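Residue-level structure breakdown
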Amino acid sequence: MPILNPGIETMSRKNLLELQLERLQIVVNQAYSNVDFYRKKFDEAGLSPDEIKTLEDLRRIPFTTRKDLLDNYPYGMFAVPLRDVVRLQFPLGMYGNPIVIGYTREDLKIWNELVARVMVAIGITEHDIIQVAFNYGLFIGAVRFNQSAELIGAAVVPTSIASGEVQVKIMQDFRSTVLTSAPSFAVHIMETMQKKGMDPKTLSLKIGLFGAESWPEEVRHTLENYFNIQAYEIFGVTELIEPGVAGECMAKNGLHVFEDHFLPEIIDPNTGEGLGERREGELVLTTLTNRAYPLLRYRTSDVTSLTSEPCSCGRTLARMSKVL
């Protein structure tokens, strides 16, 4: 199966864990030195960055929550001066201030590669025409799909949230081979075609890449059967990177977490205690390479499970189950 970065995606678990520890120690020191919020958290816990000597020591670090991000509006969570930030994004919070996320030029380069990894993993190539039917105004990941598609040489048709009829006409006229959207919007396009009596055989679609919301397997099967495509999932976290934290491969046996950039944990949402492999709980993520906006043990509120068992595709990255 195609792999964009085999040196990382098929790395031995031993080497991957060593890389994670090295990067964890760097990001912990950067966060403590440059983010007042984390310095205060560490000091209150009586914890020094130098005490993080193993991956197990991660559990000694206090959690970061969405409320923490809201309370530190606008730039309180930044670890670099604003002059080093080349993009600001602000997914709106449900109350109060929005959350402001900053990216350095290197951060953006990394995120583009991560989405490109997913695209390559599901068989997208430079010969494909990708129709991006995400809301460019509200969904910050829409631009990421553009840039990552261009990274692998695919053509991009940014249709945003044009009506279902317009989406279908563009698919037909441009001969789009990949549709990427929220799964519910793909269902809307399907229902539009059914109401208009349109034949899905008039389309050139081969692949669907869906994200931004949870969706059951029944929806996957419905979309695959109607459009005659292979449908895959990509996962992100609005407060970290959306999309690009994880994505499926052709095996469709869980979403590969890009562990060279994110250190995942599963905890009991009530007690905060760590849970073992294949046990369902809340996903907690620590960024390992984000220079502008490092997050330590961020509680995502997403419920899933993890396994480090190698995938049949050859990747050794841990896999997470579909988010509930």
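Our subject is the structure listed above.
1. Some remarks on the nonpolar core
Ranked by size, the top nonpolar core spans 97 residues in total, and within it Leu24, Met119, Phe227, Phe235, Tyr293 and Met320 carry the most contacts. The dominant element in this core, judged by the number of residues it contributes, is helix H5 (residues 105-121), at nine residues. Look past the residues within four positions of Phe235 in its chain and what remains in contact with it is Pro243, Gly244, Val245, Ala246, Leu255, Leu283, Asp302, Met320 and Val323.

2. Re the sheet that holds strand E10 (residues 262-267)
One open sheet holds the three strands; their spatial order is E10-E11-E12, and the pairing between them is antiparallel. Each edge of the open sheet is held by one strand with a lone partner, namely E10 and strand E12 (298-304). Pairs of neighbouring strands in the sheet enclose a mean axial angle of 30 degrees, with direction left out of account. Relative to E12, strand E11 (residues 281-287) runs antiparallel, the two sharing four bridges. Each bridged residue has a counterpart across the sheet, and for Val284 the counterpart in E12 is Arg299.

3. Observations concerning the sheet that holds strand E13 (residues 306-307)
An order of E4-E3-E5-E6-E7-E8-E9-E14-E13 is seen for the nine strands of this open sheet, with the pairing classed as mixed. In this open sheet, the two strands that pair with only one neighbour each are strand E4 (155-158) and E13. For E13 and strand E14 (residues 319-320), the ladder comprises two bridges, and the chain directions are antiparallel. Across the sheet, Thr307 pairs through a bridge with Arg319, a residue of E14. Along the sheet, helix H7 (residues 164-174) makes contact with strand E3 (129-133), E4 and strand E5 (178-181), crossing E3 at roughly 170 degrees.

4. Remarks on the pattern of salt bridges
Tallied over the full model, the rule gives 20 salt bridges. Here Arg117 ties to Glu113 by a salt bridge, and the two come within 2.8 Å at their closest N and O atoms. With Arg117 and Glu113 both in helix H5 and four residues apart, the pair spans about one turn of that helix. Residue Asp173 pairs with Lys169 through a salt bridge whose shortest N-O separation is 2.9 Å. Of this pair, Asp173 and Lys169 are both found in helix H7, four residues apart, which corresponds to roughly one turn of the helix. With a relative accessible area of 44%, Asp173 lands in the partly exposed category. Connected through salt bridges with shared partners, the residues Glu217, Arg220, Glu233, Glu248 and Lys322 form a single ionic network.

Each value, and the rule that gives it
Residues numbered from 1 in each chain as written. Predicted model: local features only at pLDDT ≥ 70, side-chain atom pairs only at ≥ 80, totals over all residues. Heavy atoms only, no water. Core = buried A, V, L, I, M, F, W, Y, C linked by side-chain atoms within 4.5 Å. Buried < 20%, exposed > 50% of the residue type's maximum accessible area, 1.4 Å probe, protein only. Helix = DSSP H or I, 4+ residues; strand = E, 2+ residues; numbered from the N terminus. Contact = heavy atoms within 4.5 Å. Pairing = 2+ DSSP bridges. Axes fitted to C-alpha atoms, helices over the stretch in contact; angles between N-to-C directions. Salt bridge = Lys/Arg side-chain N within 4 Å of Asp/Glu carboxyl O.

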